[in-house]
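Residues per chain, in single letters:
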Amino acid sequence: ALNPLGSKSRSGHAGVGKRTVARLYAKAVLCEGPSPEDAPCNGCAACKDFEMESLGYVELDVCDGRGAERARELITIARSQPWTDRRVIAIANADAYEPEAFDVLLKTLEETPSATTFVLLARDLKGIRLAGQSRCVIYRLRPLGPAEAKQQARALFDSHTIVYDERVLDVLVAMSQGMPAMPLSAYCRAR
């Protein structure tokens, strides 16, 4: 079951789906009428707004070399009054934070209002300081197996109404090494 409070940490290779999982989690937390499985209902105003732009979901990427600036931005966001009853703040590439900036982040994690959930996204869990890891529930995302990867790629292509040849799909899935977003990304680059 999803807990709308606290911090989550997702780690895994680039393209494994960390941001997608963070967004799905945020949508479930912000949903006004979740199912018994804590999945978003996709019918309430929060779910419909999430597809456009959610006021309750903030995503920051610290991989741009401006870690200290991003930490200050995070403090401002975390201390501001949320627009919704609940808020999810996702920090992409949290393992790229410099130690000083991570200390600011840690203090913010500890002093944030209880209706705010942080999701730390990292490729390498070792890059997250132990003090940060101790405040998180850690989920390691792994690449998909060949059958799952092909099924996922097929669903992704179908959802974008992309016509594809099965042999090309097989090649793209093999190249993706189980990373869910890679077949579509490779297809788009090739066009």
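To be clear, the structure that these remarks concern was listed above.
Below is a short write-up of the structure.

Here is what the cut-offs are and how they apply
- Residue indices follow the written sequence of each chain, beginning from 1 at its first position.
- Reporting in this predicted model follows two pLDDT cut-offs: at least 70 for local features of residues, and 80 or more for side-chain atom pairs to be given and counted; totals over whole chains, interfaces and linings ignore these cut-offs and use all residues.
- Each side-chain value is worked out from all heavy atoms of the structure, with water and hydrogens disregarded.
- Only DSSP runs of H or I with at least four residues qualify as helices, and only runs of E with at least two residues qualify as strands; both kinds are numbered from the N terminus onward.
- Two cysteine sulfur atoms make up a disulfide if the distance between them is within 2.5 Å.
- To obtain an axis, a line is fitted to C-alpha atoms, over the contacting stretch when the element is a helix, and the angle between two such axes runs from 0 to 180 degrees between their N-to-C directions.
- Note that the term roughly parallel is reserved for angles under 35 degrees, roughly antiparallel for angles over 145, roughly perpendicular for angles of 65 to 115, and oblique for everything else.
- Helix crossings fall into two classes, left-handed where the near helix is turned counterclockwise from the far one by less than a right angle and right-handed where it is turned clockwise.
- We call two residues in contact whenever any of their non-hydrogen atoms come within 4.5 Å of each other.
- The term nonpolar core refers to a set of buried residues drawn from Ala, Val, Leu, Ile, Met, Phe, Trp, Tyr and Cys, joined through side-chain atoms within 4.5 Å.
- Exposure is judged per residue with a 1.4 Å probe applied to protein chains only, and the accessible area is read against the type maximum: over 50% gives exposed, under 20% gives buried, and values in between give partly exposed.

Thoughts on the environment of Leu125
Part 1 of the reasoning: Mapped onto the secondary structure, Leu125 falls in the loop between strand 4 (116-122) and helix 5 (130-133).
Part 2 of the reasoning: For the pair Leu125 and Ala94, spaced 31 residues apart in sequence, the C-alpha to C-alpha distance is 9.1 Å.

Regarding the state of the cysteines
Part 1 of the reasoning: With the rule as written, the count across this model stands at zero disulfides.
Part 2 of the reasoning: In this structure Cys41 is not part of a disulfide, and its nearest cysteine sulfur, from Cys31, lies 3.6 Å away.
Part 3 of the reasoning: The thiol of Cys47 is unpaired, and the distance to the nearest cysteine sulfur, on Cys31, comes to 3.6 Å.

Details of the packing of helix 6 (residues 146-159) against helix 7 (residues 166-176)
Describing two packed helices takes the angle between their axes plus the distance from one axis to the other.
Part 1 of the reasoning: In contact at an axis separation of 10 Å, helix 6 and helix 7 are set at 120 degrees when each is read in the N-to-C sense. Our classification of the angle between helix 6 and helix 7 gives oblique. Considering how the two elements wind past one another, helix 6 and helix 7 form a crossing that is right-handed. Only Glu166, Leu169, Asp170, Leu172 and Val173 of helix 7 make contact with helix 6, whose side of the interface consists of Pro146, Ala149, Lys150, Ala153, Arg154 and Phe157.

Focus on the nonpolar core
Part 1 of the reasoning: Membership of the largest hydrophobic core comes to 22 residues, with the highest contact counts inside it found for Leu74, Ile89, Ile91, Tyr97, Leu105 and Phe118.
Part 2 of the reasoning: Sorting the residues of this core by element identifies strand 2 (57-61), helix 3 (67-79), strand 3 (87-92), helix 4 (99-111) and strand 4 as the ones contributing at least two each.
Part 3 of the reasoning: Ranked by residues supplied to this core, first place goes to helix 4 with five residues.
Part 4 of the reasoning: The next biggest cluster of nonpolar side chains, apart from the first, holds 12 residues, and it includes Ala22, Leu30, Phe50 and Val88.

Observations regarding unusual backbone geometry
Part 1 of the reasoning: Unlike most non-glycine residues, Asn42 shows phi in positive territory, near 65 degrees.
Part 2 of the reasoning: Here Asn42 is to be found in the loop between helix 1 (18-30) and helix 2 (45-52).
Part 3 of the reasoning: With a relative accessible area of 46%, Asn42 lands in the partly exposed category.
Part 4 of the reasoning: Not every positive phi belongs to a glycine, and Asn93 is a case in point at roughly 60 degrees.
Part 5 of the reasoning: Along the chain, the position of Asn93 falls in the loop between strand 3 and helix 4.

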